[in-house]
Amino acid sequence: MARKAIGLKRVGILQWTALDHDPQLIYRVAGPLRPRNLILVADAVSVRIEPALFLDTGHGFTDAQSVAFRPCGRAICWLELDRMPEVRRVRFDPSSEPGRVTVAALTTPSRFLARRLVRWLDRDRYGHGPTRVQRLSSSRIELEGLGSGRDTRRYRSTAEHYTEVLAMAAARPPLELDAGETPLLSFLVPTYETDPGHLDTLLNSFLAQPPGLAELIFSDDGSKSPRTLEWLNAHARVAGVRVVSGERNQGIATATNRALRHATTPWIGLADHDDALSPGAVVEIARTIRARPDAEFIYTDEVVTDGRMKPTSYMLKPAYDPVLLSGVNYINHLSVYRRDRLAAIGGFREGFQGSQDYDLLLRYLDGIDPARVLHLPYPAYLWRRHQASFSTEFKPVAVESARRTLTERYGAPGRPVPVDDALLPELHRLRFDLTIERWPKVSVIIPNRDSPDLMATVLAGLRGTDYPDLEIVVADNDTQDAATLVLYEHHREGPVPFVVEPVPGPFNFSRSINCGVARASGEFLLLLNNDIEIEDAGWLKEMVSCFRYEGTGIVGARLLYPDRTVQHAGVIVGLGGLAGHWFGGKSDRFWGPMGRLAVRQSLSAVTGAAMLVSRACFETAGPFDEERFAIAYNDIDFCLRARDKGFRVVWTPFATLIHHESASRGSDEAPDKVERFRREQKNLRERHATHLFDDPAYNPWHDTRGSVPGLRALDELPHPR
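Reading guide: rules and limits
Residues numbered from 1 in each chain as written. Predicted model: local features only at pLDDT ≥ 70, side-chain atom pairs only at ≥ 80, totals over all residues. Heavy atoms only, no water. Helix = DSSP H or I, 4+ residues; strand = E, 2+ residues; numbered from the N terminus. Contact = heavy atoms within 4.5 Å. Areas by Shrake-Rupley, 256 points an atom, 1.4 Å probe, with all protein chains shown as cover. Axes fitted to C-alpha atoms, helices over the stretch in contact; angles between N-to-C directions. Parallel < 35°, antiparallel > 145°, perpendicular 65-115°, else oblique. Left-handed = near helix turned anticlockwise from the far one by under 90°. Nonpolar A, V, L, I, M, F, W, Y, C, P; charged D, E, K, R; others polar. Core = buried A, V, L, I, M, F, W, Y, C linked by side-chain atoms within 4.5 Å. Buried < 20%, exposed > 50% of the residue type's maximum accessible area, 1.4 Å probe, protein only. Pairing = 2+ DSSP bridges. Salt bridge = Lys/Arg side-chain N within 4 Å of Asp/Glu carboxyl O. Phe/Tyr/Trp six-rings, centres within 6.5 Å; stacked < 30°, edge-to-face > 60°. Lys NZ or Arg CZ within 6 Å of the ring centre and 35° of its normal. Polar contact = N/O pair within 3.5 Å; in protein donor to acceptor, adjacent residues only side chain to side chain. Right-handed = clockwise from strand over helix to strand, strands pointing away. Expected span 1.5 Å × (residues − 1). Disulfide = S-S within 2.5 Å.

Some words on the overall build of the chain
Now for step 1: Within the chain, the regular secondary structure consists of 17 helices and 34 strands.
Now for step 2: Its C-alpha atoms give the chain principal-axis dimensions of about 85 × 75 × 45 Å.
Now for step 3: A separation of at least 24 residues holds for 78% of the contacts in the chain among residues at least 6 apart in sequence.
Now for step 4: Element-wise, carbon and sulfur atoms account for 51% of the exposed surface of the chain, whose accessible area totals about 30200 Å².

Examining the packing of helix α11 (residues 452-463) against helix α12 (residues 482-492)
Now for step 1: Put simply, α11 and α12 touch, their axes get as near as 9 Å, and they point 20° apart. What the angle tells us is that α11 and α12 run roughly parallel. Regarding α11 and α12, the two cross each other, and that crossing is left-handed. Residues Pro-452, Met-455, Ala-456, Leu-459 and Arg-463 of α11 form the contact with α12, whose participating residues are Ala-483, Thr-484, Leu-487, Tyr-488 and His-491.
Now for step 2: Residues that form the contact of α11 with α12 fall into these classes: 7 nonpolar, 2 polar and 1 charged.

A few points about the nonpolar core
Now for step 1: Ranked by internal contacts, the top residues of the largest apolar core, which has 135 residues, are Leu-365, Val-442, Leu-528 and Trp-539.
Now for step 2: The dominant element in this core, judged by the number of residues it contributes, is strand β20 (residues 373-384), at 8 residues.
Now for step 3: Apart from residues no more than four positions distant in its own chain, Leu-528 is found in contact with Val-444, Ile-445, Ile-446, Pro-447, Val-458, Leu-462, Trp-539, Gly-608, Ala-609 and Ala-610.
Now for step 4: Grouped together as the second largest cluster of nonpolar side chains are 46 residues, Leu-527, Phe-629, Ile-636 and Leu-640 included.

Regarding the sheet that holds strand β10 (residues 99-108)
Now for step 1: On the basis of which strands lie adjacent, the open sheet formed by 6 strands has the order β2-β3-β10-β5-β8-β11 and mixed pairing. The sheet terminates laterally at β2 (8-10) and β11 (131-136), the two strands that pair on one side only. When the angles between neighbouring strand axes are averaged without regard to direction, this sheet yields 25°.
Now for step 2: Pairing of β2 with strand β3 (residues 15-18), which is carried by 3 bridges, proceeds in the antiparallel orientation.

So, the sheet that holds strand β7 (residues 66-68)
Now for step 1: The strand order across the open sheet built from 5 strands is β1-β4-β9-β6-β7, with neighbouring strands paired in antiparallel fashion. In this open sheet, the two strands that pair with only one neighbour each are β1 (3-6) and β7. Each adjacent strand pair in this sheet contributes to an overall mean axis angle of 15°, direction not counted.
Now for step 2: Direction of pairing for strand β6 (residues 52-56) relative to β7: antiparallel, over a ladder of 3 bridges. Within β7, the residue paired with Ala-52 across the bridge is Ala-68.

Looking at the packing of helix α9 (residues 356-365) against helix α10 (residues 395-410)
Now for step 1: With their axes 9 Å apart at the nearest point, α9 and α10 run at an angle of 10° to one another. When the interaxial angle is binned, α9 and α10 end up roughly parallel. The residues of α10 that touch α9, namely those facing Tyr-358, Asp-359 and Leu-362, are Ala-402, Thr-405, Leu-406 and Arg-409.
Now for step 2: Of the residues that constitute the contact of α9 with α10, the class distribution is 4 nonpolar, 1 polar and 2 charged.

So, the pattern of salt bridges
Now for step 1: Enumeration over the complete set of coordinates arrives at 44 salt bridges.
Now for step 2: For Glu-437, the salt bridge goes to Arg-415, with nearest N and O atoms at 3.5 Å. You can see Glu-437 sitting in the loop between β22 (428-430) and β23 (442-448) and its partner Arg-415 sitting in the loop between α10 and β21 (419-421), a full 22 residues away along the chain.
Now for step 3: For Glu-437, a relative accessible area of 70% corresponds to the exposed category.
Now for step 4: In this structure Arg-415 comes out as partly exposed when scored by relative accessible area, which is 45%.
Now for step 5: Linking Arg-429 and Glu-542 is a salt bridge whose minimum nitrogen-to-oxygen distance equals 3.1 Å. Within this pair, whereas Arg-429 is found in strand β22, its partner Glu-542 is found in helix α14 (residues 539-545), the two being separated by 113 residues in sequence.

A closer look at the packing of aromatic side chains
Now for step 1: One pass over the full model with this rule turns up 20 aromatic pairs.
Now for step 2: Ring centres of Phe-297 and Tyr-364 lie 5.8 Å apart, and the angle between their planes is 50°; on these two criteria the pair is classed as tilted. Of the two residues, Phe-297 sits in strand β17 (residues 297-305) while Tyr-364 sits in helix α9, which places them 67 residues apart along the sequence. Accessibility classification places Phe-297 together with Tyr-364 in one group, the buried group.
Now for step 3: Members of the aromatic cluster, joined through ring pairs, are Phe-297, Tyr-299, Tyr-330, Tyr-337 and Tyr-364.
Now for step 4: Over the ring of Phe-54 we find Arg-91, and its NZ or CZ is 4.2 Å from the ring centre.

Some words on the side chain of Thr-484
Now for step 1: In this fold, Thr-484 is placed in helix α12.
Now for step 2: At 3.2 Å, the side chain of Thr-484 and the backbone oxygen of Asp-450 are in polar contact.
Now for step 3: Other than its neighbours up to four places away in sequence, Thr-484 contacts Asn-448, Asp-450, Ser-451, Pro-452 and Thr-479.

Some thoughts on the side chain of Glu-50
Now for step 1: Of note, Glu-50 is situated in the loop between β5 (37-44) and β6.
Now for step 2: A polar side-chain atom of Glu-50 sits 3.1 Å from a polar atom in the side chain of Lys-586.
Now for step 3: Among residues more than four places away in sequence, those in contact with Glu-50 are Phe-69, Pro-71, Asp-93, Pro-94, Ser-95, Ser-96, Gly-585 and Lys-586.

Remarks on the pairing of strand β13 (residues 214-221)
Now for step 1: In terms of residue burial, β13 counts as a mostly covered element, since 8 of its 8 residues are buried.
Now for step 2: Burial of β13 is two-sided: the residues Ala-214, Leu-216, Phe-218 and Asp-220 facing one way and the residues Glu-215, Ile-217, Ser-219 and Asp-221 facing the other way are all buried.
Now for step 3: Two strands pair when backbone bridges link them, and strand β12 (residues 185-191) and β13 are joined in this way by 7 bridges, in the parallel orientation. Note that in β13 the partner of Val-189 across the bridge is Phe-218.
Now for step 4: Note that the unit made of β12, helix α3 (residues 196-207) and β13 has a crossover that is right-handed.
Now for step 5: Where β13 meets strand β14 (residues 241-246), 6 bridges bridge the pair, whose relative direction is parallel. Of the residues in β14, the one forming a bridge with Leu-216 is Val-241.
Now for step 6: Note on the crossover from β13 through helix α4 (residues 226-235) to β14: the handedness is right-handed.

Some remarks on the environment of Trp-120
Now for step 1: Looking at the element boundaries, Trp-120 is found in helix α1 (residues 111-121).
Now for step 2: A relative accessible area of 46% places Trp-120 in the partly exposed class.
Now for step 3: Spatially, the C-alpha atoms of Trp-120 and Pro-416 are 60 Å apart, while their sequence positions differ by 296 residues.

Re α10
Now for step 1: With 16 residues, α10 should reach 22 Å at 1.5 Å per residue; the first-to-last C-alpha distance of 23 Å fits that figure.
Now for step 2: Every buried residue belonging to α10 is among Ala-398, Val-399, Ser-401, Ala-402, Arg-403, Thr-405, Leu-406 and Tyr-410, and all of these are buried.
Now for step 3: Check the buried side of α10 and you find it contacts α7 (322-325), α9, β21 and β22.

Thoughts on the state of the cysteines
Now for step 1: Per the stated rule, a full pass over the model turns up 0 disulfides.
Now for step 2: Cys-546 forms no disulfide, and the closest cysteine sulfur to it belongs to Cys-639, at a distance of 14 Å.
Now for step 3: Cys-546 gets classed as buried once you look at its relative accessible area, which sits at 0%.
Now for step 4: With no disulfide of its own, Cys-639 has Cys-617 as its nearest cysteine by sulfur position, at a separation of 8.0 Å.
Now for step 5: Under the relative-accessibility criterion, Cys-639 is labelled buried at 0%.

Following this line, the structure appears as structure tokens:
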């Protein structure tokens with residue numbers, strides 16, 4: 001079999017170093033020497049692995065013909081190629097991050113030998129995690145719920161996708177300018193001892209934009225370098241360019257404010273001296289301003305580059321989310337402000353070194369109608385991310401500055417809100433829980449039937465929770481198990497109010513929730529599966545504290561499988577044409593794009609396995625739908641109905657629970673449940689048009705066919721949102 005390696009460097013007979021996040025080994029399995037059985041084995045060496053397998057049946061490699069492994073120490077994939085004559089090539093991606101792995105490709109002439117070999121290999125000998133085995137005897141790999149009609153071809157690199165996006169922008173009709181129209185936008189660029197090569201790159205990217213729409217203002221902060229000063233003097237008279245200077249170095253805030261005082265355009269963009277604008281950036285921003293004259297703030301996606309401006313990755317962002325912004329400055333570049341409002345708040349403030357842009361954002365956006373904050377899903381900015389861009393010594397100063405501005409933004413006079421580390425220490429967690437004086441009553445509603453071991457575990461965890469005002473309502477579905485009935489009696493006599501509400505008849509999760517809510521008396525309603533294991537005493541206080549974010553009606557928790565891989569980090573509506581958990585199966589130390597899995601954020605939906613709902617939200621949105629969503633998708637339907645009523649759905653990683661998923665009722669894929677499951681899928685599509693849903697938490701350039709976002713092609717550039 002001919003083999004081609006992409007993104008991999010051989011460092012031994014079987015050992016490879018993955019050089020990027022998309023390493024690939026491609027095997028040609030057509031021809032007279034085609035093996036009957038192919039066994040691919042990958043072992044972790046320096047990182048846990050998350051392999052993926054792709055089959056080419058004549059149409060190239062696609063996500064529709066792929067299988068993804070959850071994180072593991074060893075992955076074994078057995079392909080019975082004699083039963084898959086249409087497969088021409090096999091692609092094996094051994095890892096999703098740089099690091100060392102070993103990969104072996106083994107062939108056998110018979111299934112008997114292949115089975116023996118797989119059994120021998122199926123042992124975790126290296127201590128990097130469990131062994132996972134996948135056996136394929138058919139090329140018909142199908143994902144549920146497809147039908148978005150989107151092109152989901154896989155791109156080999158960010159650069160390939162970016163090139164295609166730029167071509168789409170260039171093919172759009174030109175923006176018509178009125179005669180005598182003045183510039184719309186000023187880019188403010190503070191400089192200090194800047195390398196002239198970097199200034200050339202930025203200037204050339206500006207001059208590549210259509211003339212007349214924007215100006216570029218360099219504000220030098222007391223540079224002494226002859227090369228920098230010579231460059232600025234030489235380019236001060238270039239059309240559309242202005243240079244202003246300060247006598248001494250006073251910092252980025254002062255230099256940018258100086259440029260702001262010289263700007264006369266209605267809109268202001270901020271650019272760093274060593275970055276660049278993408279082709280079409282100014283035109284796409286101008287189109288957005290014309291389409292939405294009520295906008296107060298616009299931010300774009302961005303391309304991350306190396307030191308030589310070669311694209312390496314994207315920062316593809318969600319729609320505006322103040323909850324996410326309270327944990328990480330995901331907005332970053334390119335940000336476009338109204339000049340009059342920017343001047344009214346005083347521009348940049350001194351004393352917030354390293355996070356002066358974050359401080360400006362939080363002050364500027366405070367009080368603005370969220371509907372007037374627009375995300376433009378166009379990669380308009382090239383961010384040169386190289387070693388000189390970061391300072392390990394400076395990072396603590398930047399973090400401290402960020403937390404001071406967060407404390408000011410979310411606190412009140414005399415009542416500051418402490419800020420701690422998020423799951424990533426350089427990101428942030430507002431400690432609302434340390435400021436709450438009266439904790440509202442929470443009613444915990446647990447659907448159950450029999451399951452004494454599961455119930456004993458979840459009730460013990462609730463007993464160890466440090467929340468001061470709880471009641472427990474078990475919505476019981478005809479329990480007959482004696483041990484469970486004894487457990488109920490034991491808890492009736494405990495310090496926490498405990499009631500059992502009978503829910504007779506066939507199991508209906510929605511009916512169980514509704515019956516439990518009818519019996520509950522709490523201001524907040526915690527829907528909790530009986531297969532949840534509680535590890536941290538403070539988890540519920542964290543969930544309740546998230547209601548301090550304005551408009552919150554629902555809060556979801558982070559759920560892990562027993563092997564500590566991710567089961568639930570929030571739901572993206574539209575995945576697979578329905579709705580799905582993103583990044584399912586990733587390591588609990590995987591933080592996602594821009595660190596989003598390490599901080600709180602708004603989402604369209606969260607799982608009902610651990611969902612906290614305000615009573616006001618439940619009564620406004622209406623009960624769980626017992627007819628259309630008896631078992632599956634009832635939580636998604638409820639969240640979307642609550643969202644339509646104006647309630648925010650928040651997910652927090654600071655409440656982490658273990659979920660033994662479906663341990664009590666079994667999988668939805670059991671044969672006797674498939675028909676019901678298909679019917680509820682259909683109901684979700686019909687009610688919420690999930691196959692067309694543009695989830696604000698998800699970037700339009702992200703593929704919706706799997707739980708791990710890839711890049712996709714679109715028929716046209718996405719609209720601002």
